[in-house]
Amino acid sequence: MSQLFYQKESSSTNDEISQVLLYPHSNFVGLYTFNQTKGRGQYGNTWASQPEQNLAYTIAIKTDDIKLDNFLFNYYTATTIREFIAKLTEKTVKIKWPNDIILNNKKVVGILIEKKKFNGERYYIVGVGINILQEKFDEISNAGSIYTQTGDKFDLKIVTDNLHGFLTEKFKNTASEDDVLESFNLNLFRKDQISVFEIDGKRQNGIIRKADKKGEIWIEFEDGLHSFYHKEIKLLY
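Given the structure is predicted, the values throughout are model-derived calculations rather than measurements.

K.L.:
I'd like a description of the packing of helix α2 (residues 70–89) against helix α5 (residues 177–186), backed by residues and values.
P.N.:
Running from amino to carboxyl end, α2 crosses α5 at an angle of 55°, the nearest separation of the two axes being 9 Å. On the basis of the axis angle, α2 is oblique to α5. Read as a crossing pair, α2 and α5 show a hand that is left-handed. Taken together, the residues of α5 that come into contact with α2 (itself represented by Leu72, Tyr75, Tyr76, Ala78 and Thr79) are Glu177, Val180, Leu181, Ser183 and Phe184.

K.L.:
How would you summarise the nonpolar core if you had to cite specific residues and measurements?
P.N.:
Soluble, globular proteins show a tendency: their nonpolar side chains are buried together. Judged by nonpolar contacts, the single largest core of 55 residues is most densely connected at Phe73, Ile85, Val109, Ile130, Ile217 and Ile233. Counting residues per element, this core draws most heavily on α2, which supplies nine residues. Core analysis: the second largest hydrophobic core is formed by nine residues, Ile17, Val29, Leu31 and Ile125 among them.

K.L.:
Explain the sheet that holds strand β5 (residues 100–103) residue by residue, including any values.
P.N.:
With respect to topology, seven strands assemble into an open sheet ordered β1-β2-β3-β7-β6-β5-β4, the strand pairing being mixed. Of all the strands in the sheet, just β1 (3–6) and β4 (93–96) have a single pairing partner and so form its edges. Mean inter-strand twist for the sheet, computed between neighbouring axes without regard to direction, equals 20°. Bridge analysis of β1 against strand β2 (residues 29–33) gives four bridges, and the strand direction is parallel. Note on β2: the bridge partner recorded for Phe5 is Leu31.

K.L.:
Kindly report on the packing of aromatic side chains, identifying the contributing residues and their values.
P.N.:
In total, this model carries 12 aromatic pairs according to the counting rule given. Between Phe118 and Tyr123, the aromatic rings sit 6.1 Å apart at their centres with planes inclined by 45°, giving tilted as the arrangement. Residue classification places Phe118 among the buried residues on the basis of a relative accessible area of 16%. Put simply, the rings of Phe73, Tyr76, Tyr124 and Phe171 pair up and form one aromatic cluster. Above the plane of the ring of Tyr147 lies Lys153, whose end atom (NZ or CZ) is 5.0 Å from the centre. In this structure, Lys210 is placed above the aromatic ring of Trp218, and the distance from its NZ or CZ to the ring centre is 5.7 Å.

K.L.:
Explain the sheet that holds strand β12 (residues 234–236) to me, using residue names and the numbers behind them.
P.N.:
Taken together, five strands build an open sheet; the order of strands is β11-β10-β9-β8-β12 and the sheet is antiparallel. The open sheet terminates on both sides in strands that have one partner only, identified here as β11 (224–228) and β12. Going from strand to strand, the sheet's axes swing by 50° on average, the running direction of each strand aside.

K.L.:
Give a detailed account of unusual backbone geometry, specifying residues and quantitative values.
P.N.:
Backbone torsion omega between Trp97 and Pro98 reads 5°, so that peptide bond is classified as cis. On the secondary structure map, Pro98 appears in the loop between β4 and β5. Despite not being glycine, Asn104 has its phi angle at roughly 50°, a positive value. Residue placement: Asn104 occurs in the loop between β5 and β6 (106–118). Although it is not a glycine, Asn105 sits at a positive phi angle of roughly 70°. Within the secondary structure, Asn105 sits in the loop between β5 and β6.

Rules behind the numbers
Residues numbered from 1 in each chain as written. Predicted model: local features only at pLDDT ≥ 70, side-chain atom pairs only at ≥ 80, totals over all residues. Heavy atoms only, no water. Axes fitted to C-alpha atoms, helices over the stretch in contact; angles between N-to-C directions. Helix = DSSP H or I, 4+ residues; strand = E, 2+ residues; numbered from the N terminus. Parallel < 35°, antiparallel > 145°, perpendicular 65-115°, else oblique. Left-handed = near helix turned anticlockwise from the far one by under 90°. Contact = heavy atoms within 4.5 Å. Core = buried A, V, L, I, M, F, W, Y, C linked by side-chain atoms within 4.5 Å. Buried < 20%, exposed > 50% of the residue type's maximum accessible area, 1.4 Å probe, protein only. Pairing = 2+ DSSP bridges. Phe/Tyr/Trp six-rings, centres within 6.5 Å; stacked < 30°, edge-to-face > 60°. Lys NZ or Arg CZ within 6 Å of the ring centre and 35° of its normal.

If you want it as structure tokens, here you go:
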């Protein structure tokens, strides 16, 4: 049963989703706030957000209903949210491996996927932070908002309702493994372009060629193709 709950303030919607998973068979239950005080990103990073400017949203999906493995589910989530943002803005939107959403060269969406057990059920806890109306960011930050990147202002509540409906339908009917991987690579940020990477504190040029179903990114350097897991390499942009 799909339901959507609102909190005026939340430390982290991923942490507090358990408060609204009231029944053992709850599924596709969403929780959102426009004032998240202790947001978390992937791999221990933080996700800072100004009150009443952006959306923090989490949806809980029973793992038994998802036929994709963890890496491909991560890719599928990223491609689905990319599609939502592209339709919303009518702009080209890309995915920075492994799952940041990029609009006009700025990160506007962060995704955090966790696995947790509630009421005897195992869930994917999918957290999505979308910068929607925020106007100012750190000068050296790679972050932006839908407003800074398009000049368009969207109603936070309407975006939330539409996102929840869109994701619920997409997660009820996931794509095949081949389609997920194809879509992810088709929309991969800076794919087949010369880019600067940082590896062990050193910078060098390379070209992103593909992401694979094991969660690795393949990058071509002067000495050939090399694969990396997240945090082993950093794309500078």
